[in-house]
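Each chain, letter by letter, is given below.
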Amino acid sequence: MATIYTDKDATLDLVRGRKVAVVGYGSQGHAHALNLKDSGVDVRVGLPEESKSRQKAQAAGLSVLTVAEAAREADLIMVLAPDEKQRRIYEEDIAPHLTAGKALFFAHGFNIHYGQIKPPPEVDVVLIAPKAPGHMVRQAKALGLSYARGIGATRAAVLETTFREETETDLFGEQTVLCGGISSLVVAGYETLVEAGYQPESAYFECLHELKLIVDMMYEGGLGWMRYSISDTAEYGDYSRGPRIVNEGVRAEMKKILREIQTGQFAREWILENQAGRPSFDKLRAEAKAHPIEEVGRRIRELMSWLRDAKKDSSEAPRKPRPAAQA
């Protein structure tokens, strides 16, 4: 049974007693920094001098320093740069300023779990992964919960976990279900209908657009609520046809992918891909953008004013992280 913490288990006093540096000001960074500021925490943002985010952070009333300056000044450093950039940032700008008693925080365990970043033993290392802290020692656990409360995570719940569990389950979920699995299923369904002679627009609606309706129901009440809310015809199709899609062959491939994550094979592949300049990644990205489903989707979404408005609003402010957290 998982250990779960809420507001009553965390105090803001610990994090308010620290000088906090948030490295990065993207999807996670802006929310962490602003939530901590609202919680009365002494926070500053660390960004390269050429970063386009510096002006946004300053406009939000935040103190902005270089990463090295922020790491030197702070005694709690939250690293929210992209996974593939963290090792260089850590070695060049953070490690020289890690003195005994400081705390190093991460929102994803990739670089710690796979040994890309190896903090000194006299530094507390904590994971706050909004969806937040994997604790190394009891003191670090209390500070992690304090930080989690500072960004608002304990208002929902904080699940106690480890760097290994958070990293491996996060990668597995992304690759087999949330990103890789869903997107491949959507494209395969779209292609099957179009190849059978159905209109691309109809295929787009049935295989992609309506997915949000189903996911929203699952989010609100699990699989049971989704099945209660759909027609009996759809529910019967779910039970009788779904397992023919996600069959034993798919499950076997899932286990293979999980093993690649557990052994570090995927991590090594991704690290080497970045070191080589991302040739495979860029090729795959270009191919995906050129798929007909994207053009059909663009045309359909342009007809929906509420989607245009939502896109405009989201472009004016960074995205917020998921509210719940793992610790």
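Draft legend 1. Main features of helix α16 (residues 292-302). Taken residue by residue, α16 has Ile293, Val296, Gly297 and Ile300 as its buried positions. Buried positions in α16, seen along its axis, are confined to an arc of 100° and lie on one side of it. Those residues of α16 that are buried lie in contact with α9 (180-195) and α10 (200-209).

Draft legend 2. Structural detail: the nonpolar core. With 32 residues, the main nonpolar core has Val20, Val22, Leu36, Leu76, Phe105, Ile128 and Tyr147 as its most contacted residues. In terms of residues, this core owes the most to one element, helix α7 (residues 138-150), which gives five residues. Residues within four places of Phe105 in sequence aside, it is in contact with Leu76, Ile77, Met78, Val79, Val126, Ile128, Leu143, Gly144 and Tyr147. In terms of nonpolar packing, the next biggest core, distinct from the first, is built from 23 residues, Ala21, Ala81, Ile94 and Phe163 among them.

Draft legend 3. Quick look at the pairing of strand β5 (residues 76-79). Both faces of β5 are covered, namely the face carrying Leu76 and Met78 and the face carrying Ile77 and Val79. Bridging between β5 and strand β6 (residues 103-106) involves four bridges; their strand directions are parallel. Its bridge partner being in β6, Leu76 is matched across the sheet by Ala103. Tracing the backbone out of β5, into helix α5 (residues 83-94) and back to the parallel element β6 gives a crossover that is right-handed.

Draft legend 4. Up close: the pairing of strand β2 (residues 19-23). Where burial is concerned, most of β2 is hidden: four out of the five residues are buried. Where β2 meets strand β3 (residues 42-46), five bridges bridge the pair, whose relative direction is parallel. Following the sheet pairing, Lys19 is matched in β3 by Asp42. Traced from β2 through helix α2 (residues 27-38) to β3, the parallel crossover comes out right-handed. In this structure, β2 lies alongside β5, joined through four bridges in parallel fashion. By the bridge assignment, Ala21 is partnered in β5 with Ile77.

Draft legend 5. A look at the sheet that holds β2. Taken in spatial order, the six strands make up an open sheet running β4-β3-β2-β5-β6-β7, and their pairing is parallel. In this open sheet, the two strands that pair with only one neighbour each are β4 (63-65) and β7 (124-127). With direction set aside, neighbouring strand axes in the sheet form an average angle of 25°.

Draft legend 6. Broad picture of a nonpolar patch on the surface. On the surface, a nonpolar cluster with roughly 240 Å² of combined accessible area is contributed by Val177, Leu178 and Ile182. Judged by relative accessible area, Leu178 falls into the exposed class, the value being 58%.

Draft legend 7. Looking closely at the packing of aromatic side chains. For the coordinates displayed, the defined rule picks out five aromatic pairs. With centroids separated by 5.4 Å and ring planes inclined at 25°, the aromatic side chains of Trp225 and Tyr228 adopt a geometry described as stacked. Within this pair, Trp225 and its partner Tyr228 are both found in helix α11 (residues 211-229), separated by three residues, close to a single helical turn. Residue class for Trp225 comes out partly exposed when judged on its relative accessible area of 38%. For Tyr228, a relative accessible area of 65% translates into the label exposed. Its end group placed over the ring of Phe281, Arg278 keeps NZ or CZ at 4.9 Å from the ring centre.

Scoring rules and cut-offs
Residues numbered from 1 in each chain as written. Predicted model: local features only at pLDDT ≥ 70, side-chain atom pairs only at ≥ 80, totals over all residues. Heavy atoms only, no water. Buried < 20%, exposed > 50% of the residue type's maximum accessible area, 1.4 Å probe, protein only. Helix = DSSP H or I, 4+ residues; strand = E, 2+ residues; numbered from the N terminus. Arc of directions from axis to C-beta. Contact = heavy atoms within 4.5 Å. Core = buried A, V, L, I, M, F, W, Y, C linked by side-chain atoms within 4.5 Å. Pairing = 2+ DSSP bridges. Right-handed = clockwise from strand over helix to strand, strands pointing away. Axes fitted to C-alpha atoms, helices over the stretch in contact; angles between N-to-C directions. Patch = residues over 30% accessible without salt bridge, like charges linked within 9 Å, V, L, I, M, F, W, Y side chains within 5 Å. Areas by Shrake-Rupley, 256 points an atom, 1.4 Å probe, with all protein chains shown as cover. Salt bridge = Lys/Arg side-chain N within 4 Å of Asp/Glu carboxyl O. Phe/Tyr/Trp six-rings, centres within 6.5 Å; stacked < 30°, edge-to-face > 60°. Lys NZ or Arg CZ within 6 Å of the ring centre and 35° of its normal.

The quantities given are spatial measurements derived from coordinates; they are silent on function.
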